[in-house]
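# A closer look at the structure
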Amino acid sequence: MKKETVRTNIRTRKALLSEQEKIDAARAVFALLEQTPAFMMADRILVYHSLPDELSTLEFLDKWHTRKHFFLPRVNGVNLDILPYDRTRLHLGAFQIEEPDGDEITPVDSIEMIIVPGVAYDHNGRRVGRGKGFYDRLLATSHAVKIGVSYDFQLIDEIETEEHDIPVDIVITDRKVCYPRRR
């Protein structure tokens, strides 16, 4: 399926969700994530700070921030910088996303897991993002375990991709953990 069609379909489906459905789905997704060996073994985790139409990461960050080392991305031109997460040092940054303050930029190769936001995923781990390529550029330079999180309806049969699109290693929905077929 073409990326723009996927974006339109998913945006429409998300608009139908109630606030309670959003809360329940986020809790279910992150409960499944917490049970994966990848999460149990990882200490240095890059996570996104959620937008209103994304699975909320706030409860997850609050629960684990004293036991894991979390990092958040910050837009820097066309790339993402990685900075330590400190909930007292955030500002509204690019695209109205909460971003970390400071200058303690962390190299991507020190990150063990990346929790990747996405509009949709397919069963091969291919991902449709918002279209700016920030995560594809970051993921292309990382050896971390890449985990896509989504509502179950965001996991679709097949997504058309381009050469620069970077797949994820695991997709977790509110109903299941999907280990993509090896390409």
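Here is a short report on the structure shown in this document.

Here is what the cut-offs are and how they apply
Residues numbered from 1 in each chain as written. Predicted model: local features only at pLDDT ≥ 70, side-chain atom pairs only at ≥ 80, totals over all residues. Heavy atoms only, no water. Pairing = 2+ DSSP bridges. Helix = DSSP H or I, 4+ residues; strand = E, 2+ residues; numbered from the N terminus. Core = buried A, V, L, I, M, F, W, Y, C linked by side-chain atoms within 4.5 Å. Buried < 20%, exposed > 50% of the residue type's maximum accessible area, 1.4 Å probe, protein only. Contact = heavy atoms within 4.5 Å. Polar contact = N/O pair within 3.5 Å; in protein donor to acceptor, adjacent residues only side chain to side chain. Phe/Tyr/Trp six-rings, centres within 6.5 Å; stacked < 30°, edge-to-face > 60°. Lys NZ or Arg CZ within 6 Å of the ring centre and 35° of its normal. Expected span 1.5 Å × (residues − 1). Arc of directions from axis to C-beta.

Another point: the sheet that holds strand E10 (residues 155-156). Read from one edge to the other, the open sheet built from 3 strands follows the order E8-E7-E10, with strand pairing classed as mixed. At either margin of the open sheet sits one strand with a lone partner, and together these are strand E8 (127-128) and E10.

Turning next to the nonpolar core. Membership of the largest hydrophobic core comes to 45 residues, with the highest contact counts inside it found for Leu 33, Phe 60, Met 113 and Ile 115. Examining the composition of this core, we find that 5 residues originate from one element, helix H2 (residues 19-34), more than from any other. Excluding its chain neighbours within four sequence positions, the residues that come into contact with Phe 60 are Phe 30, Leu 33, Glu 34, Phe 39, Val 47, Phe 70 and Ile 115. Core analysis: the next-biggest nonpolar cluster, separate from the first, contains 7 residues, Val 6, Ile 10, Ala 120 and Ile 156 among them.

Let's shift gears to the side chain of Ser 142. For Ser 142, the location among the structural elements is in the loop between helix H5 (134-139) and strand E9 (145-149). At a separation of 2.9 Å, a polar atom in the side chain of Ser 142 contacts the main-chain amide nitrogen of Ala 144.

Of note in the backbone geometry, Gln 96 takes a positive phi value of approximately 60° without being a glycine. Tracing the backbone through its elements, the reader meets Gln 96 in the loop between strand E4 (90-92) and strand E5 (98-100). Judged by its relative accessible area of 56%, Gln 96 is exposed.

A full pass over the atoms with the stated rule returns 6 aromatic pairs. Between the aromatic rings of Phe 30 and Phe 60, the centroid separation amounts to 4.6 Å while the plane-to-plane angle is 25°, which identifies the pairing as stacked. With Phe 30 in helix H2 and Phe 60 in helix H4 (residues 58-64), this pair connects stretches of sequence that are 30 residues apart. Residue Phe 30 shares its accessibility class with Phe 60, and that shared class is buried. By the ring-pair criterion, three or more aromatic residues cluster together here, those being Phe 30, Phe 39, Phe 60, Trp 64 and Phe 70. The ring of Trp 64 carries Arg 67 above its face, with NZ or CZ at 4.2 Å from the centroid.

The first and last C-alpha atoms of helix H1 (residues 3-15) sit 18 Å apart over 13 residues, in line with the 18 Å expected at 1.5 Å per residue. Looking only at H1, the buried set comprises Lys 3, Val 6, Arg 7, Ile 10 and Lys 14. All buried residues of H1 lie within an arc of 100° about the axis, which places them on one face of the element. The outward face of H1, more than 90 degrees from its buried face, is lined by the exposed residues Glu 4 and Ala 15. Those residues of H1 that are buried lie in contact with strand E7 (120-122), E8 and E10.

Read from one edge to the other, the open sheet built from 7 strands follows the order E3-E2-E1-E6-E9-E11-E12, with strand pairing classed as mixed. Since the sheet does not close on itself, it has two edges, and those belong to strand E3 (79-84) and strand E12 (177-178), each with one partner. Note that E9 and strand E11 (residues 170-172) share 3 bridges and pair parallel. Within the sheet, the bridge partner assigned to Val 149 lies in E11 and is Ile 172.

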